[in-house]
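Read off the chains here:
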Amino acid sequence: MPVPSLKLSAISKRYPGVQALAEMSFECLPGEIHAVLGENGSGKSTLLGIASGAVAQDSGTIEIMGAPLVAADPQLARRIGLATVYQDDSLVREFTVAQNLVLGTISPPGDPHAFAEAQLAAHDLPISPDALVGSLSASERQFLEIVKALVGNPRVLLLDEPTSSLDLSDVAKLTAIIRKITSEGTAVVYVSHRLPEILDLADRVTILRDGVGQGVYVVDEGLSEHDLISLMVGREIESGFPPRADAATATVGFFATRLSGAGFSEVSLHVDRGEVLGFAGAEGNGQRDAIRALGGLEPATGHIVCDGRVVPLGSPADALAAGVLSLSADRAHESIFPVLGVRENMTVQVLDDFASGGIVSARRERARAVELIQELGIVTSTLDKPISGLSGGNQQKAVLARSFLHEAKAILIDEPTQGVDARARFDIYRAIRARTAAGSACIVNSSDAMELAGLCDRVAVFSRGRIVRVLVGREVTEENIVSSFLTSRDTRAARAEEARAAEGAKGRSVIASVRDALSGGATQWWTPLLFLLILILAVGAYATFQSDAFLSPINIRYILLATAPLALVTMAQFNVLMVRGFDVSVGSMMNVTVVLASFVMASGTPTAMLVPGAFLCIAAGVVVGLVNGSLIRFLGLNPVITTIATLSVLQGFALYLRPSPGGLISEELTALLKARIGFLPVSFLVIVAVALLADLWLYRTRGGLGLRAVGFREEAAKRNGVHVNRVHLRAYLLSAVIATFAGFFLASEVGTGTPVVGSAYTLPSIAAAVLGGAALSGGRGSFLGAVLGALFFTLTVNVVTLLGLSTALGIIISGALTLFAVFLYSGWEPVGWLLRKFEAASRQRRTAAGAG
Amino acid sequence: MSVRGPLAAERGGRLAKQGVAPGGGVQMRFLAIWIALAALLAVGAIIVPRSILPSTILAFIPLAAFLCITAMGEALVLMSRGIDLSIPSIIALSSTVLLGVSGGLDSALVIGIVAALAFATLVGVVNGALVAIGKLNALIVTLAIGAITQGATLWYRESLPQEARVPPLLADWGSSRVLGINVAVWLTAVLVIVLTVILRKTTYGRRFAAAGASPRAAWVAGINVRGYQIAAFAVAGFLYGIAGIVISAFIRNPTLSVGDPYLLAPIAAAVLGGTAITGGVGSMAAVAGAALFLTHLGQMLKMLGLSTAFQFIIYGIAIAIGMALAESRLGLVRRWRSR
């Protein structure tokens, strides 16, 4: 028997409250396709995560090609020959196909374009290396993930639900790729929900149930879908579910007709009063999107009626007003208010019930809260204990209490018992039944088929965004639920969907293109530069027209010299904006430099001592940068407030050294920084050259690619092996050090040790960077853009002064320019929203015209 | 109406057995600053005994009141997950509008005050609208709007006589004392109480806290998050406007730099007073305590002969410490999320 390519021995992993894997062993041989099968939550993802090094196991060993995986490190696993195909999670959408492929390599290839072309051609994929990943279809992205994983010929390939976004012809293409690599000896571990595919493709199948292996089976004629399902679902039916509703008294309380939205389409359903309807399906088949849209949490089209009233779509507040109450599955982010107390979390939606004249009666509110705490069995030490301190089950019960307080006619609960211990689960089931017994309709979405089987009167099964089957009465069993979504072969609708999406992409309206261009979707890095150049020329032309002095060499030289410190501090700021950070302390760093320079680089300092003096200032910058970066990155503090704190400390330090201006700056330093060729200052030319080199690094090297990946999508960057912490720390370090250089220029300009003169640079540094194309959301912009932004800023202020306009106007303009800049590149969301509205209206008009 | 479920209560919450303390109790994060203040007073009593003389305290307490008013505004903005760096500009605007509209005459005092407060609030509304509706970064918006306000104030000030004084009536009020304590302190106390009642007792205050604690969860729960965000900036602007008037009354002939000390100090006081920069949590009383603490500390340093530079260093350290404490609480949440 050959040595297994991947061998897991006695792996155990425990998460709080659940044993995800227990003593699980698994092996995959060279050239074998080994499928892993199990229900939602059976431990498949944990198994895959541990094998790939993304998750650390509690005990057990992993061997890849006979070599042990000594640490939970995906990069290490990658180096020994194991690659993982994530579901669209390691791609940076703002990058091209070629850039994404390069980002994933261990040693970067010479020509990215040729490299990408070769990789794609090897698998017959008609994807252009220059296409933006964001513009690819879901299936193209999935194939790109696979190609990326196959770069470097891994000996083991892990595939996690690779077909969830593929149609039939794509599945055939995927099958061909898998067969080809297995014929070359690569081992493939294949996790899927789709039984027909597994029976078609796999050599062997391992079945998992509640973290325990249920055996390994050879796939042959003798193995049927039915056999697999009965192996997966053989759990004991737990007792303790509350009794179901009495169907005889039912009247329809809630119905939806032809509801469509992102991830689901044409969903029609009804729920009677007193009834619980379940949503089932394999993960990602639209059931979650549908229940969220029903409650107004996602936009949708269609028609919803609750208790005879039409429910407006797309707004939870409107849905609530119409009697529909939603509880999200994302408890941490969308249900609880972590810092608020248990009572406040329970009563947040019904405060008016306890209030008269706007004043909440604490007595009435507390009394009701205590009642519910007892009824639902919530364990908490006090009413006002922050809810984040409660267990998951008690949090969920407190959230559920909202539905008891509110008069809602329909209650939509997404994953009612996720992360909840067994005892609390049955409290929650009883609470849901108690609520429906009082006359409400209820919809529950759950990934736990057993839960649905025990709790629901009817279960709607989703596949690829549609309800494919509704189980009623005695049909509602765990086995029926699981088998109806595992064996669904309905791919017709999905294909139609895909075709429609392609159609839509081709027939994109002009408005959509404009919108994308404005919101940065199609913005090239040089667009802001072009725009800035036009602005600079426009302002320059105006100034030339207004004043003869403007174009004089002296004035131009003056503008360029005045630009230098701002250009540098803007480049400093750009470093951190690139990684979604902020550095408000750059202005104070300049102050500290000016003041320090007035001591260690003072007038009369011997030339030989100027260099150590400069190094001392730079060392101060290094310390500040490291402190900023460490506080933000390792303590996880907010960058804005952290750098405000450093700003304050640095300002104090500068004022301590020089309570009032004093000490002359070395003339030699000034002479050096103000040296010129003709009328052009050398320093400015050097700054431009440095910016160009930095941009070359940023846009032409692997390191720059990694930095931009961190800015765009940190998670993806991490998966591709970028050292994310190092990148962040470097950004803050460079920011403070470059601010030190800006301080040298400022010192040469003011000539004396002035302790506050740099503070005025903080706001312009952000404004100029944003004008130069940097986005607060990270990843975008260029160093040259930063320099041009600074030039434009300085130019505008110069023009105002030159034309004899008031200083007041200068200040107003600097503020207005900043707002203009953030609006220009970051503030289009509201405008984009308006444009979308307009587009929808015009589409409607077209449709109407077409019909007429 | 609310629905009562026929649930068996036999193993009801543990709470019932223990009984619930009425009033809930003060959280440690808000208590901490009072303990620190007491410690500071005690230390002061030992190393600079005159720092706790009644005359010293009466002299500095109006300064603490000014800081408290501005810090409460900043705290409200922080509670709504924003940050406000336009305070110095709004104070200068309010002060200048008061001078200009009243023209130093008692007869125009009321309209001067109303105009000052209206303009200050307006700037707050603009800040709030750009942040909540425009979805722009609060730091940049308030810096930029601050610059525009500063420029506009400068322009307006240039049209006024060089030496402008507040109306005599206001000046007299500013230096008057009730029970031996400056009226500004009493006014601040009233503001603290009113804001505390609004935040703790009214439906508005409660929803505001929820909107700040988790905007996303608040939106799901049907709360108008944007409205509360704008309101936070607007009320903050109003408070800075009051501060502008009260400070002007105190110093009688305010200059354009009247607001300059209030860029960083309010953030330090708000954060030190236990306000969570992650939103939702804040106590106006604790902010008042922090204002007293910072002002007293500044006075002590002055008495020890240390330069004012140390104030900045203290603000910086105070911000860092306050934030680290707040974030370490959040560590609990993060641990829970990572399950």
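See above for the structure.
To keep things clear, this report deals only with the structure shown in the data block.

1. Points about the packing of aromatic side chains
Within the structure shown, the criterion is met by eight aromatic pairs over all chains. Relative to A:Phe712, the ring of A:Phe95 lies with its centre 5.6 Å away and its plane at 90 degrees, an arrangement referred to as edge-to-face. Linking A:Phe95 in the loop between β6 (82–85) and α3 (97–103) with A:Phe712 in helix α28 (residues 702–712), this pair joins segments that are 617 residues apart in sequence. Residue classification places A:Phe95 among the buried positions, given a relative accessible area of 0%. On the numbers, 6.5 Å between centres and 75 degrees between planes, the contact of B:Phe312 with B:Tyr315 is edge-to-face. Taken together, the residues B:Phe312 and B:Tyr315, both in helix α14 (residues 309–337) and three residues apart, mark about one turn of the helix. On the basis of relative accessibility, which here comes to 12%, the residue B:Tyr315 falls in the buried class. The lysine or arginine in question, A:Lys173, covers the ring of A:Phe143, its NZ or CZ lying 5.2 Å from the ring centre. Positioned over the ring face of A:Phe599 is A:Arg658, at 3.9 Å from the centre of the ring.

2. So, the pairing of strand β19 (residues 410–414) of chain A
All names here are of chain A. Of all five residues making up β19, five are buried, and the element is well covered by its neighbours. Every second residue of β19 is oriented toward a common face, with Ala-410, Leu-412 and Asp-414 on one face and Ile-411 and Ile-413 on the other, all of them buried. Examined bridge by bridge, strand β16 (residues 324–327) and β19 share four bridges and lie parallel to one another. Along β19, the bridge assignment pairs Leu-325 with Ile-411.

3. Some points on the pattern of salt bridges
All names here are of chain A. Applying the stated rule across the entire model yields 21 salt bridges over all chains. Across the salt bridge formed by Arg-368 and Glu-371, the nearest N and O atoms sit 2.7 Å from each other. Here Glu-371 and Arg-368 lie together in helix α14 (residues 362–376), a separation of three residues that amounts to about one turn. The shortest N-O distance in the salt bridge between Asp-427 and Lys-397 comes to 2.9 Å. You can see Asp-427 sitting in helix α16 (residues 422–437) and its partner Lys-397 sitting in helix α15 (residues 392–405), a full 30 residues away along the chain. You can call Asp-427 buried: its relative accessible area is 9%.

4. Some remarks on the interface of chain A and chain B
You'll often see interface size given as the accessible area lost when the parts meet. Tallying the contact residues gives 99 residues for chain A and 83 residues for chain B. Summing both partners gives a buried area of about 7600 Å² for chain A against chain B, and 70% of it is carried by carbon and sulfur. In terms of surface lost to chain B, no three residues of chain A exceed A:Val339, A:Glu375 and A:Ile641, which account for 8% of the buried area on that side. On the surface where chain A and chain B come into contact, there are four salt bridges. B:Arg216 serves as the salt-bridge partner of A:Glu334, at 2.6 Å between the closest nitrogen and oxygen. Here chain A is connected to chain B by ten residue pairs in polar contact (both at pLDDT 80 or more). The biggest single contributor to the side of chain A that touches chain B is helix α25 (residues 639–657) of chain A, with 13 residues. Class assignment of the residues belonging to the side of chain A that touches chain B gives a composition of 51 nonpolar, 29 polar and 19 charged.

5. Examining the sheet that holds strand β10 (residues 212–218) of chain A
Strands pair in a sheet through their backbones, by hydrogen bonds, and they do so in one of two ways: parallel or antiparallel. All names here are of chain A. Spatially, β6-β7-β8-β3-β9-β10 is the arrangement adopted by the six strands of the open sheet, whose pairing is mixed. Since the sheet does not close on itself, it has two edges, and those belong to β6 and β10, each with one partner. Each adjacent strand pair in this sheet contributes to an overall mean axis angle of 20 degrees, direction not counted. Looking at chain direction, strand β7 (residues 156–160) and strand β8 (residues 187–191) are connected through five bridges and run parallel. Residue pairing for β8: Leu-158 is matched across the bridge by Val-189. Packed on one face of the sheet, helix α5 (residues 138–150) meets β6 and β7 and runs near 170 degrees to β6. Contacts between helix α8 (residues 225–233) and the sheet are confined to β3 (33–38), β9 (204–209) and β10, with β9 contributing the most and set at about 30 degrees to the helix.

The rules behind each value
Residues numbered from 1 in each chain as written. Chains lettered and ligands numbered in written order. Predicted model: local features only at pLDDT ≥ 70, side-chain atom pairs only at ≥ 80, totals over all residues. Heavy atoms only, no water. Phe/Tyr/Trp six-rings, centres within 6.5 Å; stacked < 30°, edge-to-face > 60°. Helix = DSSP H or I, 4+ residues; strand = E, 2+ residues; numbered from the N terminus. Buried < 20%, exposed > 50% of the residue type's maximum accessible area, 1.4 Å probe, protein only. Lys NZ or Arg CZ within 6 Å of the ring centre and 35° of its normal. Pairing = 2+ DSSP bridges. Salt bridge = Lys/Arg side-chain N within 4 Å of Asp/Glu carboxyl O. Contact = heavy atoms within 4.5 Å. Buried area = accessible area lost by both parts, 1.4 Å probe. Polar contact = N/O pair within 3.5 Å; in protein donor to acceptor, adjacent residues only side chain to side chain. Nonpolar A, V, L, I, M, F, W, Y, C, P; charged D, E, K, R; others polar. Axes fitted to C-alpha atoms, helices over the stretch in contact; angles between N-to-C directions.

Read these as spatial facts, not as claims about activity.
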